[in-house]
Amino acid sequence: MEEGISAWLRSNADLSKAAVVNEKLSSGQMKDVLAVIPWATFLKFYPAAERMAKTTCVFEVLLENDRLMFPELFLAEQKD
């Protein structure tokens, strides 16, 4: 499944700024996002954040939210 997603991105996305985006995601914390987005709004999109520290890396928030929203995908990944 990941290879299919990767192939689609290579064909359809401008990946020239991928390194910059990855750096921002890996260094930014949830508190940085909350400086510009209200907590209630953030939770509507990322409910997993409710049980995480405000110093949690944004990328970890996204990953945990995906685990919450799509558990079947992560269970299938563990079996492989």
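Structural data are supplied above this passage.
Since the model is a prediction, treat every value here as computed from it, not as a measurement. (Residues numbered from 1 in each chain as written. Predicted model: local features only at pLDDT ≥ 70, side-chain atom pairs only at ≥ 80, totals over all residues. Heavy atoms only, no water.)

## A look at the packing of aromatic side chains
Summed over all chains, the structure comprises two aromatic pairs. Ring plane angle 20° and centroid distance 6.4 Å describe the contact between Trp39 and Phe42, whose orientation is recorded as stacked. Remark: Phe42 and Trp39 occur in helix α4 (residues 39-45); sequence separation between them is three residues, near one turn of the helix. Residue classification places Trp39 among the partly exposed positions, given a relative accessible area of 30%. Ring pairing ties together the aromatic residues Trp39, Phe42 and Tyr46, which thus form one cluster. In this structure, Lys54 is placed above the aromatic ring of Trp39, and the distance from its NZ or CZ to the ring centre is 3.9 Å. (Phe/Tyr/Trp six-rings, centres within 6.5 Å; stacked < 30°, edge-to-face > 60°. Helix = DSSP H or I, 4+ residues; strand = E, 2+ residues; numbered from the N terminus. Buried < 20%, exposed > 50% of the residue type's maximum accessible area, 1.4 Å probe, protein only. Lys NZ or Arg CZ within 6 Å of the ring centre and 35° of its normal.)

## Concerning the pattern of salt bridges
A full pass over the atoms with the stated rule returns three salt bridges. Among the ionic contacts, a cluster of salt bridges with common partners joins Arg51, Glu64 and Arg67. (Salt bridge = Lys/Arg side-chain N within 4 Å of Asp/Glu carboxyl O.)

## Some words on the nonpolar core
By size, the foremost hydrophobic cluster in this structure holds seven residues: Met30, Leu34, Phe42, Leu43, Ala49, Met52 and Val61. For this core, the secondary-structure elements that each account for two or more residues are α3 (30-34) and α4. When residues no more than four places from it in sequence are discounted, the contact partners of Met52 are Met30, Glu60, Val61 and Glu64. (Core = buried A, V, L, I, M, F, W, Y, C linked by side-chain atoms within 4.5 Å. Contact = heavy atoms within 4.5 Å.)

## Quick word on the side chain of Asn65
Looking at the secondary structure, you find Asn65 in helix α5 (residues 58-69). Judged by its relative accessible area of 6%, Asn65 is buried. Excluding its chain neighbours within four sequence positions, the residues that come into contact with Asn65 are Phe45, Tyr46, Pro47 and Ala48.

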